[in-house]
Amino acid sequence: MQAHRHEFRMVVMARVLGVSRSGFYEWCGRRANPSSGQARRIVLDACVAAAFRASKQRHGASRLVDDLRDVGTPANRKAIAESLRGQGLRARVARKFKAQTSSDPTLPYRRNCGSRTLRRLPRTSGGVGDIA
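Nothing here was measured: the structure is a model prediction, and the numbers come from that model.

Visitor: Hey, could you run me through a nonpolar patch on the surface in this one?
Guide: There is a patch of nonpolar side chains on the surface, built from Val11, Val12, Val16, Leu17 and Val19 and spanning about 410 Å² of accessible area. Relative to the helices and strands, Val11 is located in helix H1 (residues 10–17).

See the structure below:
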């Protein structure tokens, strides 16, 4: 309704959308002046997003509680979890370091450290699964 306010009459838009005009104007007033709870939530969302980015997007709600408490922003774990969900933020798992093998063909082969020689065993007449 706000976007089409100058194109159509408010009475017609309210009737088509099934809302009251007074409800629309009340909604406009609420958007201009957020309640104390909404203001607190906006500040918490900003703090949670900053702490989440500072942790390389790896901390979830439980760890962010401690991080925010250290900074001086006390918050409930459930409130932080709701803020993360509302912003679409999700913690990523840090991958374990895995050494890559060298694929350079010019490097020499490793010598046989065990100095083992493998020999073939003689064949027997009976197989493993044979029943005598």
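And the narrative resumes.
Visitor: Is there a simple way to explain helix H5 (residues 77–87) in this structure?
Guide: An α-helix turns once per 3.6 residues; consequently, residues spaced three or four apart project the same way. Listing the buried residues of H5 in full gives Ile80, Ala81, Ser83 and Leu84. Buried residues in H5, looked at end-on, bunch into an arc of 160°, giving them a common side. The outward face of H5, more than 90 degrees from its buried face, is lined by the exposed residues Lys78, Glu82, Arg85 and Gly86. Of the surrounding secondary structure, the elements contacted by the buried residues of H5 are helix H3 (36–54) and helix H4 (61–71). Capping the start of H5 is the job of one residue whose side-chain oxygen sits 2.7 Å from the backbone nitrogen of Lys78: Asn76. Looking at the residues trailing H5, positive phi occurs at Gly88, about 75°.

Visitor: Is there a simple way to explain the packing of H1 against helix H2 (residues 21–32) in this structure?
Guide: Axes are the key here: two packed helices are described by the angle between their axes and the distance separating the axes. Look at H1 against H2: their axes get within 9 Å of each other, and the N-to-C directions meet at 100°. Taken together, the axis directions place H1 and H2 in an arrangement best described as roughly perpendicular. Contacts between H1 and H2 involve Met10, Val11 and Ala14 from the first element and Arg21, Phe24 and Tyr25 from the second. Here the contact of H1 with H2 is built from residues that sort into five nonpolar, no polar and one charged.

Visitor: Where do I start with the nonpolar core in this structure?
Guide: A general trend in soluble globular proteins is that nonpolar side chains are found buried together. Of all hydrophobic cores here, the largest spans 12 residues; its members are Leu44, Val48, Ala51, Phe52, Ala61, Leu64, Val65, Leu68, Ala75, Ile80, Ala81 and Leu84. Those elements that place two or more of their residues in this core are H3, H4 and H5. Those residues in contact with Leu64, other than ones at most four positions away along the chain, are Val48, Ala51, Phe52, His59, Ile80 and Leu84.

Reading the values: rules and limits
- Residues numbered from 1 in each chain as written.
- Predicted model: local features only at pLDDT ≥ 70, side-chain atom pairs only at ≥ 80, totals over all residues.
- Heavy atoms only, no water.
- Patch = residues over 30% accessible without salt bridge, like charges linked within 9 Å, V, L, I, M, F, W, Y side chains within 5 Å.
- Areas by Shrake-Rupley, 256 points an atom, 1.4 Å probe, with all protein chains shown as cover.
- Salt bridge = Lys/Arg side-chain N within 4 Å of Asp/Glu carboxyl O.
- Helix = DSSP H or I, 4+ residues; strand = E, 2+ residues; numbered from the N terminus.
- Buried < 20%, exposed > 50% of the residue type's maximum accessible area, 1.4 Å probe, protein only.
- Arc of directions from axis to C-beta.
- Contact = heavy atoms within 4.5 Å.
- Polar contact = N/O pair within 3.5 Å; in protein donor to acceptor, adjacent residues only side chain to side chain.
- Axes fitted to C-alpha atoms, helices over the stretch in contact; angles between N-to-C directions.
- Parallel < 35°, antiparallel > 145°, perpendicular 65-115°, else oblique.
- Nonpolar A, V, L, I, M, F, W, Y, C, P; charged D, E, K, R; others polar.
- Core = buried A, V, L, I, M, F, W, Y, C linked by side-chain atoms within 4.5 Å.

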